[in-house]
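# Structural overview for review
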There are 2 protein chains.
Amino acid sequence: MTGTRGIHHIGVAVHDVAAAVERYALLVGATVDHEAVVDEQGVHAVALRAGDGPLIELLAPTGDDTPVGRFLAKRGEGMHHVAYEVDDLRAHLERLRAEGVELIDAEPRNGLFGMQVAFIHPEAAFGCLVELVQPKEHA
Amino acid sequence: MTGTRGIHHIGVAVHDVAAAVERYALLVGATVDHEAVVDEQGVHAVALRAGDGPLIELLAPTGDDTPVGRFLAKRGEGMHHVAYEVDDLRAHLERLRAEGVELIDAEPRNGLFGMQVAFIHPEAAFGCLVELVQPKEHA
């Protein structure tokens with residue numbers, strides 16, 4: 001088993017990042033940790049810190065024809081994905097592929113905030129979109 | 001601001017707990033931490049540990065006419081809720097109510113695994129069902 005470190009963040013799709021930041025501050029005392037607009041991924045992402053636990057990643061689309069824009073059109077606002085940190089993403093993906101797990105990304109790719117990431121198909125995880133991440137400092 | 005401690009667990013609705021336990025072991029190295037069948041809530045819950053982070057709470061219904069059974073009929077398997085730990089649930093709920101936040105539970109009630117819990121309406125949290133929990137040891 002390659003090493004896994006549990007939940008790294010949860011991703012929440014929203015229309016209005018500023019409103020969501022304000023609401024999560026009220027609901028659970030979350031504060032902005034870092035944020036980025038990534039045009040090539042069509043997303044405005046804000047990572048919120050809440051206690052010592054995983055981050056809350058708010059995702060708003062930069063346009064309708066983007067992954068998050070299409071998600072919002074189809075599903076509306078809400079939970080988008082759950083990300084788990086692994087020590088060696090490439091080895092972890094190879095192991096899952098050998099076990100027949102349906103992967104969206106067979107290889108690590110560049111994700112938000114300098115992470116290497118890969119998504120697993122929701123059909124392989126009981127309806128949850130699962131992201132595996134390897135933060136930069138472990139790459 | 002009453003104290004908040006970040007994400008306590010995520011809740012995932014599934015039909016078959018045993019299959020989900022096996023799959024999460026493969027995907028993210030999760031192991032069973034504790035479990036319970038709670039007839040009055042109509043749920044078979046298994047809490048999985050993954051790394052040092054929040055638990056993954058798998059929720060399967062004990063019958064169709066239960067909260068999780070109705071969720072599965074309407075939405076299918078997938079993310080059910082995100083739970084955040086607070087130090088003083090009653091005070092936290094009072095503050096949210098004073099701010100006009102739409103609550104499902106205006107008062108703490110008995111949840112799974114001996115926790116005091118209350119749910120916030122998804123409309124108040126951008127489509128996410130948010131649970132606030134106060135574990136027994138802080139009650």
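Since this is a predicted model, take the numbers as computed values, not measurements. (Residues numbered from 1 in each chain as written. Chains lettered and ligands numbered in written order. Predicted model: local features only at pLDDT ≥ 70, side-chain atom pairs only at ≥ 80, totals over all residues. Heavy atoms only, no water.)

### Focus: the pairing of strand S3 (residues 43-49) of chain A
Residue and element names in this part refer to chain A. Summarising burial for S3: five of the seven residues are buried, a large majority. From the end of strand S2 (residues 31-38) to the start of S3, which pair antiparallel, there are four residues, and Gly42 there has a positive phi angle of about 65°. Alignment of S3 against strand S4 (residues 55-61), held across six bridges, turns out to be antiparallel. By the bridge assignment for S4, Val43 is matched with Pro61. Here S3 hands over to S4 after five residues, with Gly51 in that stretch at a positive phi of 65°. (Buried < 20%, exposed > 50% of the residue type's maximum accessible area, 1.4 Å probe, protein only. Helix = DSSP H or I, 4+ residues; strand = E, 2+ residues; numbered from the N terminus. Pairing = 2+ DSSP bridges.)

### So, the pairing of strand S8 (residues 130-134) of chain A
Residue and element names in this part refer to chain A. Most of S8 sits out of view: five of its five residues are buried. Neither face of S8 is left uncovered, since the one carrying Val130, Leu132 and Gln134 and the one carrying Glu131 and Val133 both have all their residues buried. Where strand S5 (residues 78-86) lies against S8, four bridges are found, and the strand directions are parallel. Pairing of Tyr84 across the sheet is with Leu132, part of S8.

### Structural notes on the sheet that holds strand S1 (residues 4-13) of chain B
Pairing between the strands of a sheet is mediated by backbone hydrogen bonds and can be parallel or antiparallel. Residue and element names in this part refer to chain B. Sheet architecture is open: eight strands sit in the order S2-S3-S4-S1-S5-S8-S7-S6, paired in mixed fashion. Because the sheet does not close on itself, it has two edges, and the strands there are strand S2 (31-38) and strand S6 (109-110). Running at roughly 155° to strand S4 (residues 55-61), helix H1 (residues 17-28) makes contact with S1, S2, strand S3 (43-49) and S4 of the sheet. (Contact = heavy atoms within 4.5 Å. Axes fitted to C-alpha atoms, helices over the stretch in contact; angles between N-to-C directions.)

### Quick word on the relation of the copies chain B and chain A
Its rotation angle being 180°, the transformation that places chain B on chain A also includes 0.0 Å of axial translation and leaves an RMSD of 0.0 Å. Given the turn and translation reported, the copies of this chain are related as if by a two-fold rotation axis. Of the residues that chain B buries at the interface, 100% are likewise interface residues in chain A, meaning the two copies contact each other through the same surface. (Least-squares fit on C-alpha atoms with pLDDT ≥ 70 in both.)

### Section: the confidence of the model for chain A
Looking at chain A, pLDDT values average 93 and 96% of them are 70 or higher. Scored as a whole, the predicted complex attains pTM 0.93, and scored at its interfaces, ipTM 0.92. (pLDDT = per-residue confidence, 0-100.)

### Some remarks on the nonpolar core
In terms of nonpolar packing, the biggest core is built from 68 residues, with A:Tyr24, A:Ile56 and B:Ile56 touching the most fellow members. Not counting chain neighbours up to four residues away, the residues in contact with A:Tyr24 comprise A:Val12, A:Gly29, A:Ala30, A:Leu48, A:Ile56, A:Leu58, B:Tyr84, B:Ala125, B:Phe126 and B:Cys128. (Core = buried A, V, L, I, M, F, W, Y, C linked by side-chain atoms within 4.5 Å.)

### Digging into the sheet that holds strand S1 (residues 4-13) of chain A
Residues and elements named next belong to chain A. Taken together, eight strands build an open sheet; the order of strands is S2-S3-S4-S1-S5-S8-S7-S6 and the sheet is mixed. Taken across any chain shown, the strands that pair with only one partner, and hence form the sheet edges, are S2 and strand S6 (109-110). Pairing analysis gives two bridges linking S6 to strand S7 (residues 116-120), with the strands arranged antiparallel. In the strand pairing of S7, Arg109 is matched with Val117. Sitting on the sheet, helix H1 (residues 17-28) touches S1, S2, S3 and S4, and the angle it makes with S4 is about 155°. Contacting S1, S3, S4 and S5, helix H2 (residues 67-75) crosses the sheet at an angle of about 85° to S4.

### Remarks on the interface of chain B and chain A
Contacts between the two partners involve 42 residues from chain B and, on the opposite side, 42 residues from chain A. For the pairing of chain B and chain A, the buried interface totals around 3,200 Å² over both sides, and the portion due to carbon and sulfur atoms is 72%. Interface area lost by chain B to chain A is led by B:Leu26, B:Leu27 and B:Phe126, which between them contribute 23%. Taken together, chain B and chain A are joined by zero salt bridges. Put simply, the parts of the chain that give the side of chain B that touches chain A at least two residues each are S1, H1, S4, strand S5 (78-86) and helix H3 (89-98) of chain B. In terms of residues, the side of chain B that touches chain A owes the most to one element, H1(B), which gives eight residues. Residues belonging to the side of chain B that touches chain A are distributed by class as follows: 28 nonpolar, seven polar and seven charged. (Buried area = accessible area lost by both parts, 1.4 Å probe. Salt bridge = Lys/Arg side-chain N within 4 Å of Asp/Glu carboxyl O. Nonpolar A, V, L, I, M, F, W, Y, C, P; charged D, E, K, R; others polar.)

### Description of a positive patch on the surface
Side chains of A:Lys74, A:Arg75, B:Lys74 and B:Arg75 sit close together on the surface and give a patch of like positive charge. Listing elements by their share of the positive patch, those giving two or more residues are H2 of chain A together with helix H2 (67-75) of chain B. Mapped onto the elements of the fold, A:Arg75 is located in helix H2. (Patch = residues over 30% accessible without salt bridge, like charges linked within 9 Å, V, L, I, M, F, W, Y side chains within 5 Å. Areas by Shrake-Rupley, 256 points an atom, 1.4 Å probe, with all protein chains shown as cover. Lys, Arg positive; Asp, Glu negative; His and termini not counted. Charge placed at Lys NZ, Arg CZ, Asp CG, Glu CD.)

### Let's talk about the environment of B:Gly51
Position of B:Gly51 relative to the elements: it lies in the loop between S3 and S4. The class of B:Gly51 is partly exposed, set by a relative accessible area of 29%. Remark: the alpha-carbon pair of B:Gly51 and B:Val28, spanning 23 residues in sequence, is separated by 8.8 Å. Leave out the neighbours within four places in its chain, and B:Gly51 touches A:Thr4, A:Arg5 and A:Gly6.

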